[in-house]
Amino acid sequence: MVIDNNFYMRLALREAWKYQGLTYPNPAVGCAIVSDYGEILAVEAHHKAGLAHAEVNALKQAYFKLTQDTSILTLEASLDIHTYLLANHHNIFENCSIYTTLEPCSHVGRTPSCATLISKLGIKKVYVGMLDKNEKAHNGNKLLEQSGSEVHINVLKEECAALVYPFKKFLDDKFVFFKWAQRLNGTTDDGIISSELSRKSVHAMRDVCDLLVIGGNTVRTDRPTLDARLVNGKAPDILILSRSKEFDTTIPLFNVKDRKVYIEDNLEKLAVYKNIMIEGSSQMYALTRDIVDYYLCYLAPSIGGVNGLDTQEDKFEILNVSKESQDIIMWMKRI
């Protein structure tokens, strides 16, 4: 039968984008496991730094589907999953193919080597979207080829490069993304807009970002906390962009433990941070337009409010669109 490699890689990409912004300092990665006759055995992603990589999560689910062995479902630590698979696989993956958006890692760090696991499980066909430029983890393909695997690279390379671009920016300099929520009529004001699930996702991003940038008028009007309480996470440092340094310090964001709050009329503080989220509307959009790498929009199925992103005309390329809650979620870059 004819296998559509692009189709399976797109499944891996779609899953990985669900966790974009949540895996820092690791890249977002997706993986699909496919049988020799094209059956989808698993589609998974890397969820958070320190947890199992995408390939391990996918192999775990594929193993369960092939064996119905529920014991593996109780395992969460990457090393435990590696160990269980190596002891119990009995060559069930021999005729399977694996599709991964990023070259499997070769090194042993917080988690074991994915390339080593794949090779020991006897998987003969490995399809890779993007080579890993991280010197600590690259050369996984070389390890796989040396073990006898047939490695195909650059499957949907451009799409995989867009997925891993934030990671590349972490390594080289910093990654900056601008997040906002709006209704169907384009408004961004007048209370809560996005769903609770979307807000939890944003809080999870705050948990792993270094710095959150917000405008002074928003702070004075909304009196926000800007923490990660919905996921019991840590609160990022805050940069309030404002000409005036006079603020009511009873505003909750000033009273979050172990956080730094800067009040500046410029963006120079960004130089010492790696993963930066900007939240705001029209004025903040205009002020940060030249430094933003990606844009993240939560589009809620409602109408209301008064004001929206009233700014200069811009065009965007949609990198990924999903609907994980009642909102439509779009990752974009300006073109």
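The present account deals with the structure reproduced in this document. All figures in this text were calculated on a predicted structure; none of them were measured in a lab.

Criteria and cut-off values
Throughout, residues of each chain are indexed from 1 in the direction in which the sequence is written. Side-chain atom pairs in this predicted model are given and counted only at pLDDT of 80 or more, local residue features only at pLDDT of at least 70, and totals for whole chains, interfaces and linings cover all residues. Excluded from the side-chain calculations are hydrogens and water; all other atoms, namely the structure's heavy atoms, are used. Note on method: axes are straight lines fitted to C-alpha atoms, helices fitted across the in-contact stretch only, with angles between N-to-C directions ranging 0 to 180 degrees. Only DSSP runs of H or I with at least four residues qualify as helices, and only runs of E with at least two residues qualify as strands; both kinds are numbered from the N terminus onward. Throughout this description, any angle smaller than 35 degrees is read as roughly parallel, any larger than 145 degrees as roughly antiparallel, any in the 65 to 115 degree range as roughly perpendicular, and the remainder as oblique. Note on convention: the crossing is left-handed when the near helix lies turned anticlockwise from the far helix by less than a right angle, right-handed when the turn is clockwise. Throughout, a contact is declared for two residues whenever any of their heavy atoms are within 4.5 Å. Only Asp, Glu, Lys and Arg are considered charged, only Ala, Val, Leu, Ile, Met, Phe, Trp, Tyr, Cys and Pro nonpolar, and every remaining residue, Gly among them, polar. Classification of residues uses two cut-offs on accessible area relative to the type maximum, computed with a 1.4 Å probe and protein chains only: under 20% is buried, over 50% is exposed, and between them is partly exposed. Relevant arc is that of directions from the helix axis to the C-beta atoms, nothing else. Here is the rule: rings of Phe, Tyr and Trp (six-membered ring for Trp) pair when centre to centre is within 6.5 Å. Planes less than 30 degrees apart are stacked, more than 60 are edge-to-face, and the remainder are tilted. Grouping into patches uses exposed residues only, defined as over 30% relative accessible area, and leaves out salt-bridged ones; the cut-off is 9 Å for like charges and 5 Å for nonpolar side chains (Val, Leu, Ile, Met, Phe, Trp, Tyr). For every accessible area listed, the method is Shrake-Rupley and the probe measures 1.4 Å; residues are considered covered only by the protein chains on display. In the sections that follow, a salt bridge refers to a side-chain nitrogen of Lys or Arg positioned within 4 Å of a carboxyl oxygen of Asp or Glu. The criterion for strand pairing is that DSSP finds at least two bridges linking the strands in question. Nine residue types can take part in a nonpolar core, namely buried Ala, Val, Leu, Ile, Met, Phe, Trp, Tyr and Cys, and a core is a set of them joined through side-chain atoms within 4.5 Å.

1. With respect to the packing of helix α1 (residues 5–17) against helix α6 (residues 157–172)
Each pair of packed helices gets described by two things: the angle between the helix axes and the distance between those axes.
Consideration 1: Relative orientation of the contacting elements α1 and α6 amounts to 15°, with a least axis distance of 11 Å. Overall, the two elements α1 and α6 adopt an arrangement that is roughly parallel. The handedness of the crossing between α1 and α6 is left-handed. Residues Met-9, Arg-10, Leu-13, Ala-16 and Trp-17 of α1 lie in contact with α6, whose contacting residues are Glu-159, Cys-160, Ala-162 and Leu-163.
Consideration 2: Here the residues of the contact of α1 with α6 are counted per class, giving seven nonpolar, no polar and two charged.

2. Notes on helix α3 (residues 78–88)
Consideration 1: Among all positions of α3, only Ser-78, Ile-81, His-82 and Leu-85 are buried. The buried side chains of α3 occupy one side of the element, clustering within an arc of 100° when seen end-on. In α3, those exposed residues whose orientation departs by more than 90 degrees from the buried face are Leu-79 and Ala-87.
Consideration 2: Summarising the contacts, the buried residues of α3 are in contact with α2 (54–67) and α4 (114–120).
Consideration 3: Two residues or fewer past α3, His-90 is found with a positive phi of approximately 50°.

3. Side note on the packing of aromatic side chains
Consideration 1: The tally for this structure, following the rule as stated, stands at 20 aromatic pairs.
Consideration 2: Judged by centre distance (6.0 Å) and plane angle (85°), the ring pair of Tyr-63 and Tyr-84 falls under edge-to-face. Taken together, the residues Tyr-63 in helix α2 and Tyr-84 in helix α3 connect sequence positions 21 residues apart.
Consideration 3: Note on Phe-175 and Phe-177: the rings are 5.7 Å apart at their centroids and 20° apart in plane angle, and the pair reads as stacked. The same class applies to Phe-175 and to Phe-177, which are both buried.
Consideration 4: Taken together, the ring pairs in this structure connect Trp-17, Tyr-24, Tyr-165, Phe-170, Phe-175, Phe-177, Tyr-294 and Trp-331 into an aromatic cluster.

4. Some thoughts on a nonpolar patch on the surface
Consideration 1: On the surface, a nonpolar cluster with roughly 250 Å² of combined accessible area is contributed by Ile-318, Val-321 and Ile-328.
Consideration 2: Positionally, Ile-318 belongs in strand β12 (residues 316–322).
Consideration 3: You can call Ile-318 partly exposed: its relative accessible area is 47%.

5. A word on the sheet that holds strand β1 (residues 30–34)
Consideration 1: Spatial strand order, β2-β1-β3-β4-β5: five strands in an open sheet with mixed pairing. Lying at the two open borders of the sheet, with one neighbouring strand each, are β2 (40–45) and β5 (150–152). Geometrically, the sheet is characterised by an average inter-axis angle of 15° between neighbouring strands, direction not taken into account.
Consideration 2: Here β1 pairs with strand β3 (residues 97–100) via four bridges, running antiparallel. Of the residues in β3, the one forming a bridge with Cys-31 is Thr-100.
Consideration 3: Contacts from α2 reach β1, β2 and β3 within the one sheet, and its direction differs from that of β2 by about 150°.

6. Describing the packing of α2 against α3
Consideration 1: Two numbers describe how α2 lies on α3: the axes approach to 10 Å, and their chain directions differ by 45°. With respect to their mutual orientation, α2 and α3 come out oblique. Crossing hand, α2 versus α3: left-handed. Residues Val-56, Leu-59, Lys-60 and Tyr-63 of α2 pack against Ser-78, Ile-81, His-82, Tyr-84, Leu-85 and Asn-88 of α3.
Consideration 2: Tallied by class, the residues present in the contact of α2 with α3 amount to six nonpolar, three polar and one charged.

7. Looking at the pattern of salt bridges
Consideration 1: Summed over all chains, the structure comprises 15 salt bridges.
Consideration 2: Between Asp-173 and Lys-174 there is a salt bridge; the shortest N-O distance is 3.5 Å.
Consideration 3: Since its relative accessible area comes to 38%, Asp-173 is described here as partly exposed.
Consideration 4: With a shortest N-O distance of 2.5 Å, Asp-227 and Arg-229 are connected by a salt bridge.
Consideration 5: Members of the salt-bridge network, linked through shared partners, are Lys-179, Arg-206 and Glu-279.

8. Some details on the nonpolar core
Consideration 1: Counting 83 residues, the largest nonpolar core has Ile-33, Leu-59, Leu-85 and Phe-93 as the members making the most contacts within it.
Consideration 2: Leave out the neighbours within four places in its chain, and Ile-33 touches Glu-39, Ile-40, Leu-41, Ala-42, Ala-58, Leu-59, Ala-62, Cys-96, Ser-97 and Ile-98.
Consideration 3: In terms of nonpolar packing, the next biggest core, distinct from the first, is built from 20 residues, Leu-211, Tyr-273, Tyr-295 and Met-332 among them.

9. Examining the sheet that holds strand β13 (residues 328–334)
Consideration 1: Strands sit in the order β9-β8-β7-β10-β6-β11-β13-β12 across an open sheet of eight strands; the sheet is mixed. At either margin of the open sheet sits one strand with a lone partner, and together these are β9 (261–264) and β12. Pairwise comparison of adjacent strand axes, ignoring direction, gives a mean angle of 25° for this sheet.
Consideration 2: Taken together, the four bridges between strand β8 (residues 237–241) and β9 define a ladder with parallel strand orientation. Of the residues in β9, the one forming a bridge with Ile-240 is Ile-263.
Consideration 3: In this fold helix α7 (residues 196–208) packs onto β6 (175–182), β7 (211–215), β10 (275–279), β11 (294–299) and β13, with an angle of close to 140° to the strand it touches most, β10.

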